Amino acid sequence: MRKDHVAIVGGGLGGLALASRLAQAGNAVSVFEQEAEVGGRLGREVFDGFSFDIGPTILLFPDVLRAHFRELGANADDALDLVRCDPNYRVHFRDGSNVTLMRDREALTRELERFAPGSSAGFFRYLKSADKKKSIAFDVFLREPFSNVLEMAQPKVLRGLFAAEAHRSVANVAFGHVEDERLRMALTFQTMYLGVSPFDAPALFGLLPSTEFGEGIWYVKGGLARISKALADLATKNGASIETNAKVRAIETNGARTTGVTLEDGRFVRADLVVANADLPYAYRKLLGRPLRRPLSYTSSALILLLGTNRKWDGLLHHNVFFGNDYAESFRDLFERHRTPADPSFYVAEPSGTDASVAKNGGSAIYVLVPVPHLHPQGPNWHDKNEIARLREHVIERLEREVTPGLRESIVSERAITPLDWRSRFSLEHGSAFGLAHTLDQVAAFRPAQRDATLENLYFVGASTQPATGIPNVLIGAKQVSERILSGEWRASTKRKGSLWNRLAP
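What comes next concerns the included structure. (Residues numbered from 1 in each chain as written. Predicted model: local features only at pLDDT ≥ 70, side-chain atom pairs only at ≥ 80, totals over all residues. Heavy atoms only, no water.)

**Focus: the sheet that holds strand β10 (residues 248-254)**
(1) Moving on: Taken in spatial order, the three strands make up an open sheet running β10-β11-β12, and their pairing is antiparallel. Among the strands making up the open sheet, the edge pair consists of β10 and β12 (268-270). Strand after strand, the sheet turns through a mean of 30° between neighbouring axes, direction not considered. (Pairing = 2+ DSSP bridges. Helix = DSSP H or I, 4+ residues; strand = E, 2+ residues; numbered from the N terminus. Axes fitted to C-alpha atoms, helices over the stretch in contact; angles between N-to-C directions.)

Structure, rendered in structure tokens:
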């Protein structure tokens, strides 16, 4: 097989997974990562004896990760210490109540009936319907990438859309099964893993709670950023070159093909193919200097508080959710009014009970995620430190009152990540922490394609292209892109450049 040189822009999850596959197949692979460490959002912050994940803190579908290693002749469980979290998480409500959710059906039934008598039957009916959607997602929408929107008209796809109730939202379907308002929140907030409202996310994404109560929620000892390190090790072992502190200035083109990349230090690296693991809107706008093909919608952003403390609290589980008042209105604030809700909900991860290595001297490494609007003229001014201070006070006051008395005095180290950081550090359009939204017009064939419509040897991998965001989806996308590249589809000119194709290509 001919040995091609592939330049990959970005050493995030998708770029590293793709590099390991292409290098194993005999290609010369060069990965250019602008940060000092690989991983992108699947990276970490380490300071003052504490270690924090900065992006995903929950691993779903671990078998997808295991399959990636297995297909490359390695064992994920040798490279990573995978641990299932039990219970899944505890959810706290403004009325002072809380419910602990776990995989064990008998224990979960008892907890649901304690919390909201008579609620368990509807809860499990919804999970059963969501489990069906999970099967549809893998069988219909994740098996192969879509090349154009006409493929949505295939009978199998149409049947899948109908069976998945794609015309309805996650909230609309869940609320039909569960009457208790608090449990409605607990069954639908998971769409915020994707940075979208449950009132807008297609019902297909009900697969998220189905997965949590089926396969469970997983963690990697040392933090999920260890996944990035393991993938980088796998890629270099297979012969890939990974260069950090190497920011790409431009993807160079000549006619209908890319020719390589130019780095900030002025070097030009010639390549047979270029793959952008940088966020897709940034790749078009900054690296190619081209407009986006169509208007796109974006996810929320997030204020992340990283709090290192000198003690632990029994009331804080590994995963915790704290809901504010008025669930529906809070999402309208985030996605329609572009403002932070007056009483924002937030998520807290405290992994030191599972993994003592992340915090020094028996303390806690507390990760707080507050959903906030992406950067918008009508939105908060993140240059104003008072906005961060206000949300920090909201979080600490509530945590101290409900689960962590004395938290304020116990904090010995802390940092914050704001929407401005998501934009500047990770090149995410509008500081959208999760990339492109997963609304009905941006899923499946309507999501930007893995191969550019006009540049024949330019591909995309990552959260803002097909199939979707999230660790398992990005790994699946990397496999699909590798198969397409190795098939040689990019070598010969085709009729792809015709105007009809350009109109239909996502």
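**Brief notes about the pairing of strand β3 (residues 44-47)**
(1) Moving on: Here β3 shows a clear split, with Glu45 and Phe47 buried on one side and none of Arg44 and Val46 buried on the other.
(2) Moving on: As judged from the four bridges shared by β3 and strand β4 (residues 50-53), these two strands associate in the antiparallel manner. From the neighbouring strand, Arg44 faces β4, where its bridge partner is Asp53. (Buried < 20%, exposed > 50% of the residue type's maximum accessible area, 1.4 Å probe, protein only.)

**What about the pairing of strand β13 (residues 273-276)?**
(1) Moving on: Residues Leu273 and Val275 point to one face of β13 and Val274 and Ala276 to the other, with burial holding for every one of them.
(2) Moving on: Pairing of strand β1 (residues 5-9) with β13, which is carried by four bridges, proceeds in the parallel orientation. Paired with Val9 across the two strands is Ala276, which belongs to β13.
(3) Moving on: Relative to strand β19 (residues 458-460), β13 runs parallel, the two sharing three bridges. Note that in β19 the partner of Val275 across the bridge is Tyr459.

**Re unusual backbone geometry**
Residues other than glycine predominantly adopt negative phi, and peptide bonds predominantly adopt the trans conformation.
(1) Moving on: Backbone torsion omega between Asp86 and Pro87 reads 5°, so that peptide bond is classified as cis.
(2) Moving on: Tracing the sequence through the fold places Pro87 in the loop between β5 (82-85) and β6 (89-92).
(3) Moving on: Gln466 connects to Pro467 through a cis peptide bond whose omega is 5°.
(4) Moving on: Following the sequence through the fold, Pro467 ends up in the loop between β19 and α16 (471-487).
(5) Moving on: A positive phi angle, close to 55°, is found at Asp48, a residue other than glycine.

**Brief notes about the environment of Val157**
(1) Moving on: Tracing the chain through its elements places Val157 in helix α6 (residues 155-163).
(2) Moving on: For Val157, a relative accessible area of 5% gives the class buried.
(3) Moving on: Taking C-alpha positions, Val157 is 34 Å from Asn27, a pair spaced 130 residues apart along the chain.
(4) Moving on: Apart from residues no more than four positions distant in its own chain, Val157 is found in contact with Val140, Phe141, Phe146, Glu151 and Met152. (Contact = heavy atoms within 4.5 Å.)

**Things to note about helix α9 (residues 207-214)**
(1) Moving on: With seven of its eight residues buried, α9 lies for the most part within the structure.
(2) Moving on: Among all positions of α9, only Leu207, Leu208, Pro209, Ser210, Thr211, Glu212 and Phe213 are buried.
(3) Moving on: Structurally, α9 contributes buried residues whose contacts are with β6, β7 (98-101), α4 (105-115), α5 (120-141), α8 (181-188) and β8 (217-220).
(4) Moving on: Looking one or two residues past α9, Gly216 carries a phi angle of roughly 95°, positive in sign.

**Let's talk about the sheet that holds β1**
(1) Moving on: Spatial strand order, β9-β2-β1-β13-β19: five strands in an open sheet with parallel pairing. Pairing within the sheet leaves two strands with one partner each, and these edge strands are β9 (241-243) and β19. Strand-to-strand, the axes of this sheet are offset by a mean angle of 20°, without reference to chain direction.

**With respect to the environment of Leu18**
(1) Moving on: Structurally, the position occupied by Leu18 is in helix α1 (residues 13-24).
(2) Moving on: Looking at Leu18, the relative accessible area reads 0%, which means it is buried.
(3) Moving on: Note: C-alpha distance between Leu18 and Gln480 (462 residues apart in sequence) is 9.1 Å.
(4) Moving on: Every residue in contact with Leu18, bar those within four places of it in the chain, is listed here: Ile8, Val275, Val461, Ala478, Val481 and Ser482.

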